Amino acid sequence: MKRQSRATAESIRNIFAAFERSEAEVLALLAELYHPDIEFQDPIQEVRGRDAFIEANRRLIRRAQKLRFVVHDVVESGDRIVAAWRFSFLTRMGPELQAEAMSYMTLRDGLIVRHRDYWDPAGAVLVKIPGVRTLYRKVLDALA
């Protein structure tokens, strides 16, 4: 694998694609492109430090029967990268969860030092419960 010196829009696409290929490839890319002092946050967790971030991703991969990310767009500007994507997560014990998401990343020394994911965890779970999907969508429409 070619060593990359800087996180770029292309390298972010490569990370998302690697989730479908190999745990080892994903974890190697994360180790290469994330700063040792990475601060990661999403709706369900907050992680500090590259080792902890890599371990969180290892757990995610191992909990999935299938894990897929479809990247809609990645924009790189200076020391910022923003990605829009959709994930599908088929758990080992239950339904497939899906959600539209965005990542906002900040670079330091060419490596990702802050990474914040935005997605709706309630929507990913609630829409799988019979009868709740319609009600949940009506509530969201009423709030819009």
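Note that this is a predicted model, so its numbers are computed, not measured. (Residues numbered from 1 in each chain as written. Predicted model: local features only at pLDDT ≥ 70, side-chain atom pairs only at ≥ 80, totals over all residues. Heavy atoms only, no water.)

A.B. asks: Give a detailed account of the nonpolar core, specifying residues and quantitative values.
C.D. replies: Core analysis: the largest hydrophobic core is formed by 37 residues, its most contacted members being I12, I15, L30, Y34 and I112. Contributions of two or more residues to this core are made by α1 (9-18), α2 (23-33), β1 (34-42), α3 (50-63), β3 (64-77), β4 (80-91), β5 (96-108) and β6 (111-119). Each residue touching L30, except ones within four places of it in the same chain, is listed here: I15, R50, F53, I54 and N57. (Core = buried A, V, L, I, M, F, W, Y, C linked by side-chain atoms within 4.5 Å. Buried < 20%, exposed > 50% of the residue type's maximum accessible area, 1.4 Å probe, protein only. Helix = DSSP H or I, 4+ residues; strand = E, 2+ residues; numbered from the N terminus. Contact = heavy atoms within 4.5 Å.)

A.B. asks: Quick rundown of the pattern of salt bridges? Include the residues and the values.
C.D. replies: In the structure shown here, the tally under the stated rule is 12 salt bridges. We note a salt bridge from R21 to E25, for which the minimum N-O separation is 2.6 Å. The network of salt bridges with common partners includes E23, E55, R58 and R62. (Salt bridge = Lys/Arg side-chain N within 4 Å of Asp/Glu carboxyl O.)

A.B. asks: Please provide a residue-by-residue account of the packing of α2 against α3, values included.
C.D. replies: To describe two helices that pack against each other, one gives the angle between their axes and the distance between the axes. Closest axis-to-axis distance for the α2/α3 pair is 10 Å, and the angle between their directions is 160 degrees. Judged on the interaxial angle alone, α3 and α2 are roughly antiparallel. Considering the relative orientation of α2 and α3, their crossing is right-handed. Contact residues: α2 offers E23, V26, L27, L30 and A31, while α3 offers R50, F53, I54, N57, R58, I61 and R62. (Axes fitted to C-alpha atoms, helices over the stretch in contact; angles between N-to-C directions. Parallel < 35°, antiparallel > 145°, perpendicular 65-115°, else oblique. Left-handed = near helix turned anticlockwise from the far one by under 90°.)

A.B. asks: A description of the sheet that holds strand β2 (residues 45-48) should follow, citing residues and the corresponding values.
C.D. replies: Pairing within the open sheet is mixed, and its six strands lie in the order β2-β1-β6-β5-β4-β3. The open sheet terminates on both sides in strands that have one partner only, identified here as β2 and β3. Each strand axis lies, on average, 20 degrees off the axis of its neighbour in the sheet, ignoring direction. Direction of pairing for β3 relative to β4: antiparallel, over a ladder of 12 bridges. When the sheet's bridge partners are listed, L67 is paired in β4 with F89. The strands that α1 touches are β1, β3, β4, β5 and β6; relative to β3, the one it contacts most, it runs at about 170 degrees. Where α2 meets the sheet, it contacts β1 and β6, and its direction lies at approximately 110 degrees from that of β1. (Pairing = 2+ DSSP bridges.)

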